[in-house]
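Observations on the three-dimensional arrangement
Below, each chain spelled out in residue letters.
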Amino acid sequence: MDLRRPRFRHLRTKLSVLYASLFAVTLVLLAVVAQAMIWTHARDSVRQELITSGSVYDRIWLLRSQSLIASADLLSRDFGFRAAVASGDRPTIASALANISHRAEVTAAFVVEQDGQVTGPSGALAATVARFPFAVPNGRRDAVVVVAGQVYRLILSPVMAPTQVGWVVFAVRLDGTEMHALERLSAIPLIATIMRSDGAKRWHAADRSVESDAAVDDLVEASRSSRTLATLNLSTGRAFAIAKPLAGLTDRPQAAILIRYPLNAALTPYLPLQAGIALAGLIGLILVVLGSRRLAQGIAGPIANLDAAARALEEGSHAHIVVKGRDEIGRLAASFNRMSVGILERESRITHLALHDVLTGLPNRTYFRESLDQAILQVGRTGGAIAVLCLDLDRFKGVNDTLGHPVGDALLKAIGAMLSESAPDGLVSRLGGDEYAIILSGQFDADRPRALAQSILDMMRQAVVADGHQIATAVSIGIAIGPADGKDADELLKNADLALYLAKEDGRGVFRFFEPALDAAARWRRQVELDLREAIQAGQFVLNYQPVFDLKADRIGGFEALVRWHHPERGVVPPVEFIPIAEDTGLIIAIGEWVMQEACRQAMHWPEHVRVAVNVSPLQFRNTGFPSIVLQALAHSGLAPSRLEIEITESVFLDGEGPVIALLHKLRAMGIRVALDDFGTGYSSLSYLRSFPFDKIKIDRSFITSIASDPSAAAIVRAIVDLATALDMETTAEGVEDTGQLNMLRGEGCGNIQGYLFSRPVESCRIAGLLENGTSQAA
């Protein structure tokens, strides 16, 4: 059977059971030892009593024998009786025997004559008595025989007249009466039983009170040589016993007396002692259980408190244990308290770091989002409104580029502190980079969001001191008011961002509230973005080409590739609608690569003197793989690099002049021409012209439109042409629409023109005809 170790839910129960079990085992061992000692002592006492009783029995047996012999001798010496035996007077003999039997208390009395004739009671006993005088060993006058299953003690006395004429024989039956008589002579309550042999060395009780048993046989056999004490398992119970074999007519006795003393009777005097031991053990066990429980409670109680405190600490609750004493448990409790305090402090620091911006100490985006969710729920239960102000510093990147990131970080910290001071009734957070956000919730004044935004703009008009620098900065703010502008955090933030986007589009440094039209515009913008991605996969883009007329050679010198989007539902989408979205989403990289490949492929069908110009956005220029894209387009098409002209605007220099110049030189080294587009409208840093020798400068259409009517525009065009001539650069005038503009440009020495005067952008299939019939209207 598989015994499983018990499992305890409580240490105090385990200790109590352990101590009680140990004490119980100890008590059981003590009880066993005590019982063994009691049993041994009882056995020794009974042995002594039985030995003593055995000696008494021997004496009683001897006295009884002497008494019977004396009675038999008294009869055998009587003169009249001897005469009756000598004369054969049987009536007289019978009368005398009957008289002596009564007086001597014997079972039967007999006279055996010399010829073996018997006078007395007849039967099987008489036959045995007739042989007795002749069979009894010399010198002995008694023997115990078994006749017809009955045990008899025979006593012999010779009859002399004067010579021996016969014997008087007394027969005494050894039965329960005789044994009870012996028992009464003992000082202890012994039980005497007459045993008889069946001739096969098996002994049986004459009165059937003891069943045949091998132990009894062994005890009688051992008692023939010495007195032996044995413990018998009888049907009446265990008993100590000795045996007394009774001498018969031969060496092997036919009967024996078994004297036994029941074990229960032997142990009866010890019952009070056993009861006392059991009672003392029970009382001790109860005391041990109670003491163990109290001791276990003293040990397990503080441990249970530690366990409860550890669980509370695991669940994030404060846990403290009352320290009692200075023992190991007390020191353990004190250590736990120190550990609990340390864990809580670390968790607090970790939580603060997880929810706050490391630089400014303001709540971070996670904290802001959770607070916004809670504020929306609170407003939903108690009413009121919630305002989200999204702030973005204007041109913060320039601060990092010019003054370094340490100054930029100091500026962010200073602005965070200023915002917290301006909005004590709101939650100010730094969402990342130069983005901040403010939550106003509850019962605030309806004009509070506008007033707060205006106060921030007013505050930003003053230069901010950061790391010892006076920095002029500005901020754009978008505001969304819930629940009208959004019922959840995502919608409110999205609409506030849309309002912020509008503020930036409106010139920066202003605040704008969200309007539903902004959401519609954003949805349209997202749809355009999705359509653009599909358009790239489906090949919905085509190229149109606007010719560039070479005034000096009087022919078409090249074409500017212009991408068009043939939308399956909206028709032709102009570039002004999708190019800004493509640049914002990065899709311009894929579109620009396709334009480069297609333009080079188409240019291979043109005359060798005709170039193709491809516009490249600043985002494409920041792509480090751009030179590889250009090289692959040339390699795949077989177009000579000198026939490819890349047009860039001044905005490519906003991310740093050094890398851009390096890339331009790399393209120039490949043999590719580089043109500066929209010159004069952007940042117009002349240092760009010194930094890189452009092949061409394209004069913006804003100067060409009024060149014939505005002397200042004509002066600017003249200056640009003279500057390009001095730097050995070609010039192209954009947006030429009438002959007056053409004449002015020709007069100023402009080398190329481009505009509706000569041709609108045409599909590739019309280029061949245009080249064939390409005499310029202007020319």
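Because the structure is predicted, anything quoted here is derived from the model rather than measured.

What counts, and where the lines are drawn
- Residues numbered from 1 in each chain as written.
- Predicted model: local features only at pLDDT ≥ 70, side-chain atom pairs only at ≥ 80, totals over all residues.
- Heavy atoms only, no water.
- Helix = DSSP H or I, 4+ residues; strand = E, 2+ residues; numbered from the N terminus.
- Rg over C-alpha atoms; globule rule 2.2 N^0.38 Å.
- Contact = heavy atoms within 4.5 Å.
- Areas by Shrake-Rupley, 256 points an atom, 1.4 Å probe, with all protein chains shown as cover.
- Lys, Arg positive; Asp, Glu negative; His and termini not counted.
- Charge placed at Lys NZ, Arg CZ, Asp CG, Glu CD.
- Axes fitted to C-alpha atoms, helices over the stretch in contact; angles between N-to-C directions.
- Parallel < 35°, antiparallel > 145°, perpendicular 65-115°, else oblique.
- Left-handed = near helix turned anticlockwise from the far one by under 90°.
- Nonpolar A, V, L, I, M, F, W, Y, C, P; charged D, E, K, R; others polar.
- Salt bridge = Lys/Arg side-chain N within 4 Å of Asp/Glu carboxyl O.
- Buried < 20%, exposed > 50% of the residue type's maximum accessible area, 1.4 Å probe, protein only.
- Pairing = 2+ DSSP bridges.
- pLDDT = per-residue confidence, 0-100.
- Patch = residues over 30% accessible without salt bridge, like charges linked within 9 Å, V, L, I, M, F, W, Y side chains within 5 Å.
- Expected span 1.5 Å × (residues − 1).
- Phe/Tyr/Trp six-rings, centres within 6.5 Å; stacked < 30°, edge-to-face > 60°.
- Lys NZ or Arg CZ within 6 Å of the ring centre and 35° of its normal.
- Core = buried A, V, L, I, M, F, W, Y, C linked by side-chain atoms within 4.5 Å.

With that settled, consider the overall build of the chain. Secondary structure summary: the chain contains 25 helices and 27 strands in total. A compact globule built from 779 residues would reach a C-alpha radius of gyration of about 28 Å, whereas the chain, at 68 Å, exceeds it by more than 25%. Seen through its C-alpha atoms, the chain measures out along the principal axes to roughly 210 × 60 × 45 Å. Within the chain, residue pairs in contact and separated by at least 24 positions form 62% of the contacts whose partners lie at least 6 positions apart. Split by element, the accessible area of the chain, about 39900 Å² in all, is 55% carbon and sulfur. When the 77 positive and 85 negative side-chain charges of the chain are each reduced to one mean point, those points stand 16 Å apart.

On to the packing of helix 23 (residues 711–726) against helix 24 (residues 739–748). The packing of two helices is summarised by the inter-axis angle and the distance between the axes. Running from N to C, helix 23 and helix 24 cross one another at 40°; their axes reach a closest spacing of 10 Å. Considering the angle they form, helix 23 stands oblique to helix 24. Our pair here, helix 23 against helix 24, has a crossing hand that is right-handed. For the pair helix 23 and helix 24, contact is made by Ala714, Val717, Arg718 and Val721 and by Met744, Leu745 and Glu748, respectively. Taken together, the residues of the contact of helix 23 with helix 24 break down into 5 nonpolar, no polar and 2 charged.

According to the stated counting rule, one finds 33 salt bridges in the structure shown. Between Glu435 and Arg365 there is a salt bridge, and its shortest N-O distance comes to 3.7 Å. Of this pair, Glu435 sits in strand 13 (residues 435–442) while Arg365 is found in helix 10 (residues 365–382), placing the two residues 70 residues apart along the sequence. Judged by its relative accessible area of 32%, Glu435 falls in the partly exposed class. Note that Asp373 and Arg369 form a salt bridge whose closest N and O atoms lie 3.5 Å from each other. Linking Asp373 with Arg369, this pair stays in helix 10, spanning 4 residues, or about one helical turn.

Pairing is antiparallel across the open sheet formed by 5 strands, whose spatial order is 7-6-10-9-8. With partners counted over all chains shown, the strands left at the sheet margins are strand 7 (203–205) and strand 8 (230–234), one partner each. Across the sheet, the axes of successive neighbouring strands diverge by a mean angle of 40°, strand direction being ignored. One ladder, built from 3 bridges, connects strand 6 (residues 191–197) with strand 7; its direction is antiparallel. Looking across to strand 7, one finds that Ser197 is bridged to Trp203. Against the sheet, helix 1 (residues 11–76) contacts strand 6, strand 8, strand 9 (237–246) and strand 10 (255–262), and its axis sits at roughly 30° relative to strand 9.

What follows is about the confidence of the model for the chain. With 97% of its residues at a pLDDT of at least 70, the chain reaches an overall mean of 86. Highest mean pLDDT in the chain belongs to strand 21 (residues 611–615) (95); lowest belongs to helix 5 (residues 176–184) (75). Here residues 775–779 is a poorly scored stretch, pLDDT under 50, and it has 13 contacts once near neighbours within four places are set aside; other chains count.

This part takes up a nonpolar patch on the surface. Taken together, the side chains of Leu279, Leu282, Ile283, Ile286, Leu287 and Leu290 make up a nonpolar region of the molecular surface, amounting to roughly 590 Å² of accessible area. By secondary structure assignment, the location of Leu279 is in helix 8 (residues 271–314). Residue Leu279 is classed as exposed on the basis of its relative accessible area, which comes to 51%.

Within the fold, Asn264 resides in helix 7 (residues 263–267). Assessed through its relative accessible area of 63%, Asn264 is described here as exposed. Considered as a pair, Asn264 and Ala239 are 25 residues apart in the sequence and their alpha carbons are 7.8 Å apart.

Tracing the backbone through its elements, the reader meets Ile191 in strand 6. The class for Ile191 is partly exposed, based on a relative accessible area of 29%. Note: C-alpha distance between Ile191 and Ala241 (50 residues apart in sequence) is 9.3 Å. Other than its neighbours up to four places away in sequence, Ile191 contacts Glu183, Leu258, Ile259, Arg260 and Pro262.

Attention now goes to helix 17 (residues 588–603). In a regular helix each residue adds 1.5 Å, so 16 residues correspond to 22 Å; helix 17 covers 22 Å between its end C-alpha atoms and thus fits that length. Those residues of helix 17 lying buried are Ile588, Ile591, Gly592, Val595, Met596, Glu598, Ala599, Cys600, Gln602 and Ala603.

With 5 of 5 residues buried, strand 22 (residues 644–648) is to be regarded as a mostly interior element. Burial of the side chains of strand 22 extends over both faces: Leu644, Ile646 and Ile648 are buried on one face and Glu645 and Glu647 on the other. Where strand 22 meets strand 23 (residues 673–679), 4 bridges bridge the pair, whose relative direction is parallel. In the sheet register, Ile648 faces strand 23, and the bridge partner there is Leu676.

Once that is clear, we can look at the packing of aromatic side chains. Applying the stated criterion to the full structure yields 11 aromatic pairs. Where Phe511 meets Phe513, the ring centres are 6.1 Å apart and the plane angle is 85°; that geometry is what we call edge-to-face. Judged by its relative accessible area of 32%, Phe513 falls in the partly exposed class. An aromatic cluster of three or more residues is present, and its members are Phe541, Trp565, Phe578 and Trp594. Geometry around Trp61 places Arg153 over its ring, the cationic atom sitting 3.7 Å from the centre. In this structure, Arg760 packs its charged tip against the face of Tyr756, placed 4.1 Å from the ring centre.

Attention shifts here to the sheet that holds strand 13. Within the open sheet, the 5 strands sit side by side as 12-13-11-16-17. Their pairing is mixed. Pairing within the sheet leaves two strands with one partner each, and these edge strands are strand 12 (427–432) and strand 17 (511–513). Here the strands of the sheet are splayed against their neighbours by 20° on average, with no regard to which way each runs. Taken together, the 3 bridges between strand 16 (residues 475–482) and strand 17 define a ladder with parallel strand orientation. Bridging across to strand 17, Gly478 finds its partner in Arg512. Sitting on the sheet, helix 10 touches strand 11 (385–393), strand 12 and strand 13, and the angle it makes with strand 13 is about 20°. Taken strand by strand, helix 12 (residues 405–422) contacts strand 11, strand 12 and strand 13, and its axis lies near 15° from that of strand 13.

This next bit is on the nonpolar core. Leu532, Phe621, Leu644, Leu664 and Phe694 are the most contacted members of the largest nonpolar core, which has 77 residues in total. Ranked by residues supplied to this core, first place goes to helix 17 with 7 residues. If you look at the next biggest cluster of nonpolar residues, it comprises 35 residues, including Ala387, Leu419, Leu440 and Met460.

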